[in-house]
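Now for the letters of each chain:
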Amino acid sequence: MQLQDGKEVTLVPLPVGRLKKFMKVWDRFQELSDEDEAVDIYVDVCGIALANQYSDRFEKPISADLKLDPDYREYLEDVLDLDTIFEIIKVCGGIDLNSPKLQEALAEAMQEL
């Protein structure tokens, strides 16, 4: 898959260790208070999914408390669009955001905000 800056990344299902980190961040959707936070969660899980491919560019892309390095986050925000984010989440995390059932659940959750 090609990002907005032309970099090619390889998407594969995450190994169990990184999948646990991915899901821990994904669980923040349960505490969502506004739509901007949803985009932050999308960027965070993509950052976890792609971190190994950026270890040469960012010394420590993700901290122990699962926060993205500020430079890494800024980079991702510049090169990820929603279609790419959805594909990364689907392939790497096994969550299909285009699923009608999930779309319905997300719409209901957003109405509760």
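Residues numbered from 1 in each chain as written. Predicted model: local features only at pLDDT ≥ 70, side-chain atom pairs only at ≥ 80, totals over all residues. Heavy atoms only, no water.

Novice: Is there a simple way to explain the overall build of the chain in this structure?
Specialist: Summing up its helical and strand segments, the chain has five helices and zero strands in all. Here the C-alpha atoms of the chain give a radius of gyration of 14 Å, agreeing with the 13 Å that 2.2 N^0.38 yields for 113 residues. Structurally, the chain occupies a C-alpha span of about 40 × 30 × 25 Å along its principal axes. Per-residue burial for the chain yields a buried fraction of 39% across its 113 residues. Counting only carbon and sulfur atoms, one obtains 48% of the accessible surface of the chain, whose full area is about 7,000 Å². Side chains of the chain carry 12 positive and 25 negative charges; the gap between the two charge centres is 9 Å. (Helix = DSSP H or I, 4+ residues; strand = E, 2+ residues; numbered from the N terminus. Rg over C-alpha atoms; globule rule 2.2 N^0.38 Å. Buried < 20%, exposed > 50% of the residue type's maximum accessible area, 1.4 Å probe, protein only. Areas by Shrake-Rupley, 256 points an atom, 1.4 Å probe, with all protein chains shown as cover. Lys, Arg positive; Asp, Glu negative; His and termini not counted. Charge placed at Lys NZ, Arg CZ, Asp CG, Glu CD.)

Novice: Explain the environment of Thr 10 to me, please; I cannot follow it from the model alone.
Specialist: As for its position among the elements, Thr 10 is in the segment before α1 (16-26). Separated by 78 residues in the primary sequence, Thr 10 and Ile 88 place their C-alpha atoms 9.5 Å from one another.

Novice: What should I look at first to understand the packing of helix α2 (residues 35-50) against helix α3 (residues 70-79) in this one?
Specialist: A packed helix pair is summarised by two numbers, namely the angle formed by the two axes and the spacing between the axes. For the pair α2 and α3, the least separation of the axes is 10 Å and the interaxial angle reads 105 degrees. It follows from the interaxial angle that α2 and α3 lie roughly perpendicular. For the pair α2 and α3, the contacting residues are Asp 40, Val 43, Asp 44, Cys 46, Gly 47 and Leu 50 in the first and Tyr 72, Arg 73, Leu 76 and Glu 77 in the second. Of the residues assigned to the contact of α2 with α3, the class counts are five nonpolar, one polar and four charged. (Axes fitted to C-alpha atoms, helices over the stretch in contact; angles between N-to-C directions. Parallel < 35°, antiparallel > 145°, perpendicular 65-115°, else oblique. Contact = heavy atoms within 4.5 Å. Nonpolar A, V, L, I, M, F, W, Y, C, P; charged D, E, K, R; others polar.)

Novice: Would you mind showing me how to read a negative patch on the surface here?
Specialist: A cluster of acidic side chains, namely Asp 5, Asp 71, Glu 74 and Asp 78, defines a negative patch on the protein surface. Within the secondary structure, Asp 71 is located in helix α3. For Asp 71, a relative accessible area of 51% corresponds to the exposed category. (Patch = residues over 30% accessible without salt bridge, like charges linked within 9 Å, V, L, I, M, F, W, Y side chains within 5 Å. Salt bridge = Lys/Arg side-chain N within 4 Å of Asp/Glu carboxyl O.)

Novice: Explain α2 to me, please; I cannot follow it from the model alone.
Specialist: Side chains that are three or four residues apart share a direction in an α-helix, a result of its 3.6 residues per turn. Compared with the 22 Å implied by 1.5 Å per residue over 16 residues, the 23 Å span of α2 between its first and last C-alpha is a close match. Every buried residue of α2 is listed here: Ala 38, Ile 41, Tyr 42, Val 43, Asp 44, Val 45, Cys 46, Gly 47, Ile 48, Ala 49 and Leu 50. (Expected span 1.5 Å × (residues − 1).)

Novice: I tried to follow the packing of aromatic side chains on my own but got confused; where do I start?
Specialist: Both the distance between ring centres and the angle between the ring planes are used here to describe each pair of aromatic rings. Throughout the structure, instances matching the rule amount to ten aromatic pairs. Centroid distance Tyr 54 to Tyr 72: 5.8 Å. Interplanar angle 50 degrees. Geometry classified as tilted. Here the residue Tyr 54 occupies a position in the loop between α2 and α3, and Tyr 72 occupies one in helix α3, the gap between them amounting to 18 residues. Here Tyr 54 and Tyr 72 have matching classes, each one buried. Aromatic ring contacts, followed pair by pair, group Phe 22, Trp 26, Phe 29, Tyr 42 and Phe 86 into a single cluster. Of note, Lys 7 hangs over the ring of Tyr 54, and the distance from its end group to the ring centre comes to 5.0 Å. The ring of Tyr 75 has Arg 57 sitting right over it, with the charged end atom 4.2 Å from the ring centre. (Phe/Tyr/Trp six-rings, centres within 6.5 Å; stacked < 30°, edge-to-face > 60°. Lys NZ or Arg CZ within 6 Å of the ring centre and 35° of its normal.)

Novice: I tried to follow the packing of α1 against α2 on my own but got confused; where do I start?
Specialist: Taken N-terminus to C-terminus, the directions of α1 and α2 make an angle of 175 degrees; their axes are 9 Å apart at the nearest point. In terms of orientation, α1 and α2 fall into the roughly antiparallel class. Every residue of α2 that contacts α1 at Arg 18, Lys 21, Phe 22, Val 25 and Trp 26 is listed here: Ile 41, Tyr 42, Asp 44, Val 45, Ile 48 and Ala 49.

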